[in-house]
Amino acid sequence: MNFNVIVIGGGPAGLMASVAAAEEGAAVLLVDKGDKLGRKLAISGGGRCNVTNRMPVDEIIKHIPGNGKFLYSAFSEFNNEDIIRFFEKLGIKLKEEDHGRMFPVNDSAKSVVQALLNKVKSLNVAIKVNTSVESVLYENGEVKGIKLKNKEKIYAPNVIVAVGGKSVPYTGSTGDGYAWAKAAGHTITELYPTEVPLTSDEPFIKQRTLQGLSLRDVALTVRNPKGKAIKTHRWDMIFTHFGLSGPAVLRCSQFVVKAMKKYNAQYINITVDTKPDQNEEQLFQELNHLAKDEPKKAVKNVWKGIVPERYLLFLLDYIGLSEDKTYHDLAKEKIREMAKALKEFPIKINGTLPIEKAFITGGGVSLKEINPKEMASKKMEGLYFCGEILDIHGYTGGYNITAAFVTGHAAGKSAAARIIYS
Ligand SMILES: Cc1cc2nc3c(=O)[nH]c(=O)nc-3n(C[C@H](O)[C@H](O)[C@H](O)COP(=O)(O)OP(=O)(O)OC[C@H]3O[C@@H](n4cnc5c(N)ncnc54)[C@H](O)[C@@H]3O)c2cc1C
């Protein structure tokens with residue numbers, strides 16, 4: 001069979017590209033090296049499939065700190081509300097959760113992936129799984145097709161590369177597409193882990209003093225070597241055996257990576273503010289009143305409700321205040337120190353887990369060489385890129401998946417148009 005469009009990669013970007021191209025009337029082949037399509041999509045959002053996000057487009061773009069603005073043009077054709085309508089038409093009812101995150105009502109990632117597959121099949125897209133692509137074939141500045149690992153060649157005038165980044169390689173994203181982009185003359189911006197847990201060799205981390213402790217709704221601030229705030233994110237965090245994780249930490253991680261590089265720093269400090277709605281003076285007054293109101297009680301008991309007990313005892317130890325002290329023998333200075341520790345507890349970060357353990361790959365195919373409306377290569381006729389392989393990355397929360405669907409849709413539609421109107 002002759003194909004107009006070959007899509008490499010059956011993640012959200014490739015599946016949407018296949019749908020969009022086939023809906024325009026193109027004969028589409030979708031090739032994936034895994035035995036199942038949509039594997040990463042199926043584990044997103046804690047395994048419930050975070051299909052998209054319901055925030056207004058401007059907010060979505062803000063939550064894609066890695067070149068989100070590049071997406072305005074593609075969003076004007078197909079946006080998050082279109083994604084919601086697309087799934088509802090496929091019979092997948094969606095519900096909105098915190099931070100605008102959209103999930104299937106039945107919480108079943110499988111049903112989302114299955115609905116996408118049914119749609120792809122209903123459009124007569126040919127699907128080849130367990131088929132690893134070795135390279136994209138180019139000739140005289142044009143795409144000619146693809147070469148598989150088994151050396152078989154499949155010819156088509158349009159190839160959409162949707163093979164994802166380098167993170168969580170067991171889902172199939174092993175960074176294969178960067179070499180194909182380079183071979184077409186593209187620049188690959190530096191790859192780095194984003195949305196990734198942070199590591200620390202602080203003694204309390206090594207000794208696992210706080211391992212497993214979650215802190216809710218903290219403000220985490222990444223600081224430059226002079227102590228100036230670079231970025232603050234407010235959400236939950238958790239102490240682990242190697243460092244820190246949880247949504248606030250994941251969001252801060254790219255700023256840590258960038259700061260380490262920019263300042264050539266071995267360590268970057270982040271500070272934990274457990275009371276973001278109070279300033280240090282208000283907190284001092286509260287701690288003081290609590291202790292004064294029950295002057296015979298030990299501070300560990302009067303301050304109990306302020307933060308989780310384990311963290312309170314840890315901070316008391318950190319400031320060198322005996323947990324059994326009472327208001328009578330408590331120096332005001334120590335109360336101030338406690339207020340400061342609650343507002344600005346510093347943790348030295350020495351890095352992140354590797355890119356393979358990151359949720360998202362930062363960097364990728366340079367956007368300067370991609371047409372933002374069509375996702376078409378400016379270097380090679382008939383070549384398109386979509387999804388995480390591009391130098392676009394967002395916070396977790398449906399933003400990356402939205403970017404994958406939106407760029408996939410643009411790539412599929414324009415690849416098909418190139419055939420139909422040529
Ligand atoms: C645990 C986890 C949770 C996440 N949660 C969220 C979330 O809540 N919100 C959010 O926005 N994002 C989340 N993400 C990120 C999001 O899932 C990805 O950004 C998105 O899946 C990228 O889509 P993609 O189509 O570009 O690539 P992928 O989904 O990575 O798909 C790439 C496909 O290409 C195939 N492929 C690769 N190389 C070849 C080759 N040589 N030949 C043939 N096929 C090949 C792979 O087998 C794979 O099927 C999460 C990621 C992880 C790992």
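None of these values were measured; they are calculated from a predicted model.

## Points about the UniProt feature "domain: RsdA/BaiN/AoA(So)-like Rossmann fold-like" (unreviewed entry) in the protein chain
Link 1 in the chain: Here, UniProt's "domain: RsdA/BaiN/AoA(So)-like Rossmann fold-like" (unreviewed entry) annotation points to residues 4–413.
Link 2 in the chain: The straight-line gap between the two end C-alpha atoms of residues 4–413 is 12 Å; of that span, 33% is helix and 22% is strand.

## Some thoughts on the sheet that holds strand S8 (residues 142–148)
Link 1 in the chain: Ordered by their spatial adjacency, three strands build an open sheet running S7-S8-S9, and the pairing between neighbours is antiparallel. Where the open sheet ends on each side, the last strands, each with one partner, are strand S7 (133–139) and strand S9 (153–155). For this sheet, the mean inter-axis angle between neighbouring strands, taken without regard to orientation, is 30 degrees.
Link 2 in the chain: Inspection of the sheet shows S7 paired to S8 by six bridges, in the antiparallel sense. The residue bridging Glu-139 from the neighbouring strand is Glu-142, located in S8.

## Structural notes on the domain arrangement of the protein chain
Often, the extent of an interface is quoted as the loss of accessible area upon association of its parts.
Link 1 in the chain: Taken domain by domain, the protein chain consists of domain 1 (5–192 + 360–420) and domain 2 (197–352).
Link 2 in the chain: Placing a centre on the C-alpha atoms of domain 1 and another on those of domain 2 gives a separation of 40 Å.
Link 3 in the chain: Contacts between the two partners involve 10 residues from domain 1, matched on the other side by nine residues from domain 2.
Link 4 in the chain: Broken down residue by residue, the surface that domain 1 buries against domain 2 is led by His-99, Tyr-192 and Tyr-395, which jointly contribute 56%.
Link 5 in the chain: At the junction of domain 1 with domain 2, the criterion picks out one salt bridge.
Link 6 in the chain: The interface formed by domain 1 and domain 2 holds three residue pairs in polar contact (both at pLDDT 80 or more) in total.

## What about the packing of aromatic side chains?
Link 1 in the chain: Considering all chains together, one arrives at 10 aromatic pairs under this definition.
Link 2 in the chain: Centre to centre, the rings of Phe-86 and Phe-87 are 5.2 Å apart; their planes meet at 90 degrees, and the pair counts as edge-to-face.
Link 3 in the chain: Look at Phe-86 and you get buried, because its relative accessible area is 12%.
Link 4 in the chain: Between Tyr-311 and Phe-314 the ring centres are 6.1 Å apart and the planes differ by 25 degrees, which places this aromatic pair in the stacked class. Of this pair, Tyr-311 and Phe-314 are both found in helix H12 (residues 309–318), three residues apart, which corresponds to roughly one turn of the helix.
Link 5 in the chain: Take Tyr-311: its relative accessible area is 0%, and that puts it in the buried class.
Link 6 in the chain: An aromatic cluster is present here, built from Phe-204, Phe-239, Tyr-311, Phe-314, Tyr-318 and Phe-345 joined pairwise through their rings.
Link 7 in the chain: Sitting above the plane of the Phe-103 ring, Arg-48 keeps its charged end 3.9 Å from the centroid.
Link 8 in the chain: Here the basic side chain of Arg-336 rests over the ring of Phe-284, its NZ or CZ set 3.8 Å away from the ring centre.

## Let's talk about unusual backbone geometry
Link 1 in the chain: The phi torsion at Asn-124 lies on the positive side, around 60 degrees, for a residue other than glycine.
Link 2 in the chain: With respect to the helices and strands, the residue Asn-124 is situated in the loop between helix H6 (109–122) and strand S6 (126–128).
Link 3 in the chain: Relative accessible area serves as the criterion here: at 66%, Asn-124 is assigned to the exposed category.
Link 4 in the chain: In this model, Met-375 sits at a positive phi of 60 degrees, which is unusual for a non-glycine residue.
Link 5 in the chain: Note on placement: Met-375 falls in the loop between strand S19 (360–362) and strand S20 (383–385).

## Considerations on the side chain of Thr-361
Link 1 in the chain: Position of Thr-361 relative to the elements: it lies in strand S19.
Link 2 in the chain: A polar side-chain atom of Thr-361 sits 2.9 Å from the main-chain amide nitrogen of Lys-166.
Link 3 in the chain: When neighbours within four sequence positions are excluded, Thr-361 is seen to be in contact with Gly-165, Lys-166, Ser-167, Tyr-178, Leu-191, Tyr-192, Ile-355, Glu-388 and His-393.

## Notes on the site of the ligand
Link 1 in the chain: Around the ligand sit 38 residues in total, of which Asp-32, Ser-173, Asp-176, Glu-388 and Asn-400 are the nearest.
Link 2 in the chain: Note that an oxygen atom of the ligand is positioned 3.3 Å from one of the side-chain N or O atoms of Asn-50.
Link 3 in the chain: Protein burial of the ligand: of its 1000 Å² of free accessible surface, 96% is covered by the chains.
Link 4 in the chain: Where the shell around the ligand is concerned, the elements lending two or more residues are helix H1 (12–23), helix H2 (39–47) and helix H14 (399–420).
Link 5 in the chain: Counting residues per element, the shell around the ligand draws most heavily on H2, at five residues.

## Section: the packing of H1 against H6
Link 1 in the chain: At a minimum axis distance of 9 Å, the contact between H1 and H6 shows a crossing angle of 30 degrees. The angle between the axes of H1 and H6 places the two elements in the roughly parallel class. As for how H1 packs across H6, the hand of that crossing is left-handed. Along the contact surface, H1 presents Leu-15, Val-19 and Glu-23, while H6 presents Leu-116, Leu-117, Lys-119 and Val-120.
Link 2 in the chain: Here the contact of H1 with H6 is built from residues that sort into five nonpolar, no polar and two charged.

What counts and how
Residues numbered from 1 in each chain as written. Predicted model: local features only at pLDDT ≥ 70, side-chain atom pairs only at ≥ 80, totals over all residues. Heavy atoms only, no water. UniProt positions renumbered as here; feature names shortened; annotations may be inferred. Helix = DSSP H or I, 4+ residues; strand = E, 2+ residues; numbered from the N terminus. Pairing = 2+ DSSP bridges. Axes fitted to C-alpha atoms, helices over the stretch in contact; angles between N-to-C directions. Domains from an automatic or database assignment. Contact = heavy atoms within 4.5 Å. Buried area = accessible area lost by both parts, 1.4 Å probe. Salt bridge = Lys/Arg side-chain N within 4 Å of Asp/Glu carboxyl O. Polar contact = N/O pair within 3.5 Å; in protein donor to acceptor, adjacent residues only side chain to side chain. Phe/Tyr/Trp six-rings, centres within 6.5 Å; stacked < 30°, edge-to-face > 60°. Buried < 20%, exposed > 50% of the residue type's maximum accessible area, 1.4 Å probe, protein only. Lys NZ or Arg CZ within 6 Å of the ring centre and 35° of its normal. Near = heavy atom within 4 Å. Areas by Shrake-Rupley, 256 points an atom, 1.4 Å probe, with all protein chains shown as cover. Parallel < 35°, antiparallel > 145°, perpendicular 65-115°, else oblique. Left-handed = near helix turned anticlockwise from the far one by under 90°. Nonpolar A, V, L, I, M, F, W, Y, C, P; charged D, E, K, R; others polar.

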